[in-house]
Amino acid sequence: MKRRDLFKALGAGVASVPAMAGGPSKLESKVVRLKLRHTWTTVMSSSDYRDTVHLLYTRDGLAGVGEGAPIVRYHENAESAERAIESVHDLLAASDPRQFAKIMAGVFRRIVGQYAAKAAIDIALMDWFGQKLGVPLYTYFGLDPADAPVTTFSIGIDNPELTRQKVREAEAFPVLKIKVGLATDEPTIDAVRSVTRKPLRVDANEGWKDKEEAVRKINWLESQGVEFVEQPMPAEMIEETRWVRGRVHIPIIADESCLRSADIPKLADAFDGINVKLDKTGGILEAYRMIQIAKSLRMKTMLGCMISSSVSVTAAAHLSPLVDYADLDGNLLIANDPYSGVTVREGKLILPDRPGLGLKPAAA
Ligand code: MG
């Protein structure tokens, strides 16, 4: 099935836009409901599905696909993301997609917030452009796919019995990411450790509000074979995190504290690294910039993702040869991925070598 047909099968509304010099562009956006394999619980929420917004950008016989996973914490949802995309249809239709950086600068000026929508546009344009050049996106960025890191597989918060079951199901992954930040942290880690001795990375999602509690928890996690901790304290508690950092022995990675480039300098002595996600940055271009800025400040870099299909996860994966850590498993947590792209072999990310994102319809 061609991408266009797949998109139709997903029930996309087609927005016709005027013809332009060099060939008409066509934009189709659609909210796609992704069903989760397990009910997903973190400090922030619990759910059985996630809605993401997909964008198909067609021109010159090539179809670029984009996706954004709206983040509730930043007052985004699938409908607001779709409206944001529709609000710049005229700009996209009137622009030359080879000037994707100029287009995205215009998109950032026109749309306030709505970074998932921006990500969907950026990814679709870059997918289109990679296909136009006939190269995979990692080649456009001058990267070697052999440098792609291992990805963690995430285990959401659950009771000990289900936690053990999820850890067994994740047998193929050499490193696990465990969601913590609740009163049940110790039983959770105990349950994981009753099944495996694998290295663990933990994400507290801002769960510890008290700096002494954070130190106590992290010191205990150090004794449990945890490699690093993500966002131990609320996003704005940077001073407290700096205090915590002086009292622990594993890296602290910023996620909710670090959305875009401008956030990085103030975090450089409170955190050891940053977690970059396309749905926070508004796309691949800003993600690339963040990774370079963090490296220049000698910070560790990580690529993460929201729960999304292979569109968004594959887009992030094309930058993964640049980073120290990857947590790109959002597509593995869903049961109805419309596409296949990046795959995982013994935990390592395997990038598709087809042009652009290199996506195929899942059934193909
Ligand atoms: Mg996180």
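About the cut-offs
Residues numbered from 1 in each chain as written. Predicted model: local features only at pLDDT ≥ 70, side-chain atom pairs only at ≥ 80, totals over all residues. Heavy atoms only, no water. Disulfide = S-S within 2.5 Å. Buried < 20%, exposed > 50% of the residue type's maximum accessible area, 1.4 Å probe, protein only. Core = buried A, V, L, I, M, F, W, Y, C linked by side-chain atoms within 4.5 Å. Domains from an automatic or database assignment. Contact = heavy atoms within 4.5 Å. Helix = DSSP H or I, 4+ residues; strand = E, 2+ residues; numbered from the N terminus. Buried area = accessible area lost by both parts, 1.4 Å probe. Salt bridge = Lys/Arg side-chain N within 4 Å of Asp/Glu carboxyl O. Polar contact = N/O pair within 3.5 Å; in protein donor to acceptor, adjacent residues only side chain to side chain. Donors = N, O, S within 2.8 Å, 3.2 Å for Na, K, Ca; no water. Phe/Tyr/Trp six-rings, centres within 6.5 Å; stacked < 30°, edge-to-face > 60°. Lys NZ or Arg CZ within 6 Å of the ring centre and 35° of its normal. Axes fitted to C-alpha atoms, helices over the stretch in contact; angles between N-to-C directions. Parallel < 35°, antiparallel > 145°, perpendicular 65-115°, else oblique. Left-handed = near helix turned anticlockwise from the far one by under 90°. Nonpolar A, V, L, I, M, F, W, Y, C, P; charged D, E, K, R; others polar.

> Even after reading the chapter, I still don't get the state of the cysteines, so can you show me in this structure?
Working definition: the covalent bond between the sulfur atoms of two cysteines is a disulfide. One pass over the structure, following the stated rule, counts zero disulfides. There is no disulfide at cysteine 258, and the cysteine sulfur nearest it, in cysteine 305, is 16 Å away. Assessed through its relative accessible area of 0%, cysteine 258 is described here as buried. Classification of cysteine 305 as buried rests on a relative accessible area of 13%.

> What exactly am I supposed to notice about the nonpolar core here?
In summary, soluble globular proteins display a tendency toward joint burial of nonpolar side chains. Ranked by size, the top nonpolar core spans 98 residues in total, and within it Ile121, Ile178, Ile274, Ile284 and Leu328 carry the most contacts. Both domains that meet at this core, namely domain 1 (3-134) and domain 2 (139-361), each give it at least three residues. Once residues lying within four places of it in the same chain are set aside, the contact partners of isoleucine 178 are Ile155, Thr188, Ile189, Val192, Leu200, Arg201, Val202 and Asp203.

> Help me out: how do you make sense of unusual backbone geometry in this one?
Generally, phi is negative for residues other than glycine and the peptide bonds are trans, each holding for most cases. Positioned with a positive phi, aspartate 60 is a non-glycine residue whose angle comes to about 55°. Position of aspartate 60 among the secondary structure elements: in the loop between β3 (46-59) and β4 (62-68). The class for aspartate 60 is partly exposed, based on a relative accessible area of 37%.

> So what exactly am I meant to see when it comes to the domain arrangement of the protein here?
The accessible area lost on association of the parts is a frequent measure of interface size. One can read the domain layout of the protein as domain 1 (3-134) and domain 2 (139-361). The distance between the C-alpha centroids of domain 1 and domain 2 comes to 24 Å. Between domain 1 and domain 2, the buried area comes to about 3,800 Å², and carbon and sulfur atoms account for 67% of it. Viewed at the interface, domain 2 and domain 1 are joined by one salt bridge. Glutamate 206 is the partner of arginine 73 in a salt bridge, and the nearest nitrogen-oxygen pair spans 2.7 Å. For the interface between domain 1 and domain 2, the tally reads 15 residue pairs in polar contact (both at pLDDT 80 or more). Looking at the side of domain 1 that touches domain 2, the elements that each hand over two or more residues are α1 (3-9), β2 (26-41), β3, β4, α4 (100-110) and α5 (115-133). No other element matches the 12 residues that α5 contributes to the side of domain 1 that touches domain 2.

> Quick question: what am I supposed to make of the coordination of the magnesium ion here?
For a metal bound by four donors in tetrahedral geometry, the ideal donor-metal-donor angle is 109.5 degrees, whereas six donors in octahedral geometry ideally sit at 90 or 180 degrees. Only Asp203 (OD), Glu230 (OE) and Asp255 (OD) from the protein coordinate the magnesium ion, and they sit 2.1 to 2.2 Å from it. Written as a sequence motif, the donor arrangement for the magnesium ion is D-x26-E-x24-D. With a gap of 27 residues between them, aspartate 203 in strand β7 (residues 200-203) and glutamate 230 in strand β8 (residues 226-230) connect regions that are remote in the sequence. For the pair formed by aspartate 203 and glutamate 230, the shared burial category is buried.

> In this structure, what is going on with the pattern of salt bridges? I would like to understand it.
Within this structure, the stated rule accounts for 20 salt bridges. In this structure, the salt-bridge partner of lysine 177 is aspartate 203, at a minimum N-O distance of 3.4 Å. Of the two residues, lysine 177 sits in strand β6 (residues 176-179) while aspartate 203 sits in strand β7, which places them 26 residues apart along the sequence. Across this residue pair, the class does not change: lysine 177 and aspartate 203 are buried. Connected via shared salt-bridge partners are Lys177, Lys179, Asp203, Glu230 and Asp327.

> I keep staring at the packing of aromatic side chains and nothing clicks. Help me out?
The geometry of an aromatic ring pair comes down to the distance between the two centres and the angle between the two planes. All told, the structure shown has nine aromatic pairs when counted by the stated rule. When the centroid spacing of 5.0 Å and the interplanar angle of 85° are considered together, the rings of tyrosine 140 and phenylalanine 141 count as edge-to-face. By relative accessible area, which is 34% here, tyrosine 140 ends up partly exposed. Relative accessible area serves as the criterion here: at 15%, phenylalanine 141 is assigned to the buried category. Grouped by ring-pair contacts, the aromatic residues Phe100, Phe129, Tyr140, Phe141 and Tyr288 constitute a single cluster. One Lys or Arg, lysine 211, reaches over the ring of tryptophan 243 and ends 4.5 Å from the middle of that ring. Over the aromatic face of tryptophan 243 sits the side chain of arginine 247, whose NZ or CZ is 3.8 Å from the ring centroid.

> Can you walk me through the environment of alanine 204 in this structure?
Mapped onto the secondary structure, alanine 204 falls in the loop between β7 and α9 (211-222). With a relative accessible area of 0%, alanine 204 lands in the buried category. The spatial distance from the C-alpha of alanine 204 to the C-alpha of alanine 363 is 36 Å, given a sequence separation of 159 residues.

> Help me understand the environment of serine 309 in this model?
Among the structural elements, serine 309 can be located in the loop between β11 (300-303) and α14 (310-317). Take serine 309: its relative accessible area is 0%, and that puts it in the buried class. Note: C-alpha distance between serine 309 and arginine 83 (226 residues apart in sequence) is 20 Å. Excluding residues that lie within four positions of it along the chain, serine 309 makes contacts with Leu34, His54, Glu67, Asn331, Ile334, Asp337 and Pro338. Here the side chain of serine 309 touches glutamate 67 through a polar contact of 2.8 Å, side chain to side chain.

> Explain the packing of helix α7 (residues 160-169) against helix α8 (residues 185-193) to me, please; I cannot follow it from the model alone.
The relative placement of two packed helices comes down to the angle between their axes together with the axis-to-axis distance. It is at 8 Å that the axes of α7 and α8 come closest, and there the two elements cross at 40°. Judged by the angle between their axes, α7 and α8 are oblique. Every pair of crossing elements has a handedness; the one defined by α7 and α8 is right-handed. Listed contacts from α8 to Pro160, Thr163, Arg164 and Val167 of α7 are Thr188, Ala191 and Val192. Classifying every residue of the contact of α7 with α8 gives four nonpolar, two polar and one charged.

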